[in-house]
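Residues per chain, in single letters:
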Amino acid sequence: MISALGENFGTGAKWSSPDGGLYIWMELNEAADVVSLHEKALNDIDVGFHPGVNYSPDGKSGKNYLRLCYGYNQPEEIKEGISKLAALFSEAGVLHNII
């Protein structure tokens, strides 16, 4: 997944590089709102993620963060899903260099 993120998002996002576990945290620019894209990702491109607000103490902050699971799908499915997600975010105008 980390390789696919680098190939598809470049400097348009930052992400964690975990030593274990099942998830990667991803950060987009502060103006991005992944909550508004969540249903579109599920319904239109069949890609799931968890918006950061789901893990926020106030339930409002973290709209530019998402949690991605790499523990369920096969590597080729992950590569395809990350590509689709990057295209969706690009079309929505939420990918801006943040590094």
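Our subject is the structure listed above.
Keep in mind that this is a model prediction, so the values were computed, not measured.

### A look at the side chain of Arg67
Inference 1: Examined against the element boundaries, Arg67 turns out to sit in strand β4 (residues 65–69).
Inference 2: Of the side chains with opposite charge, Glu39 comes closest to the buried, unpaired Arg67, at an N-O distance of 15 Å.
Inference 3: A polar contact is formed between the side chain of Arg67 and the side chain of Tyr55, at a distance of 3.1 Å.
Inference 4: Those residues within four positions of Arg67 in sequence are excluded, and the remaining contacts are Tyr23, Ile24, Trp25, Phe49, His50 and Tyr55.

### Focus: the packing of helix α1 (residues 2–9) against helix α3 (residues 75–91)
Inference 1: α3 packs onto α1 with a crossing angle of 30 degrees between their chain directions and a minimal axis gap of 9 Å. Classed by the angle they form, the pair α1 and α3 counts as roughly parallel. The element α1 and its partner α3 pack so that their crossing is right-handed. Facing Ala4, Leu5, Glu7, Asn8 and Phe9 of α1, the residues of α3 in contact are Lys79, Ile82, Ser83, Leu85, Ala86 and Phe89.
Inference 2: The class makeup of the residues in the contact of α1 with α3 is 7 nonpolar, 2 polar and 2 charged.

Conventions we followed
- Residues numbered from 1 in each chain as written.
- Predicted model: local features only at pLDDT ≥ 70, side-chain atom pairs only at ≥ 80, totals over all residues.
- Heavy atoms only, no water.
- Helix = DSSP H or I, 4+ residues; strand = E, 2+ residues; numbered from the N terminus.
- Buried < 20%, exposed > 50% of the residue type's maximum accessible area, 1.4 Å probe, protein only.
- Lys, Arg positive; Asp, Glu negative; His and termini not counted.
- Salt bridge = Lys/Arg side-chain N within 4 Å of Asp/Glu carboxyl O.
- Polar contact = N/O pair within 3.5 Å; in protein donor to acceptor, adjacent residues only side chain to side chain.
- Contact = heavy atoms within 4.5 Å.
- Axes fitted to C-alpha atoms, helices over the stretch in contact; angles between N-to-C directions.
- Parallel < 35°, antiparallel > 145°, perpendicular 65-115°, else oblique.
- Left-handed = near helix turned anticlockwise from the far one by under 90°.
- Nonpolar A, V, L, I, M, F, W, Y, C, P; charged D, E, K, R; others polar.

In short, geometric facts, not functional conclusions.
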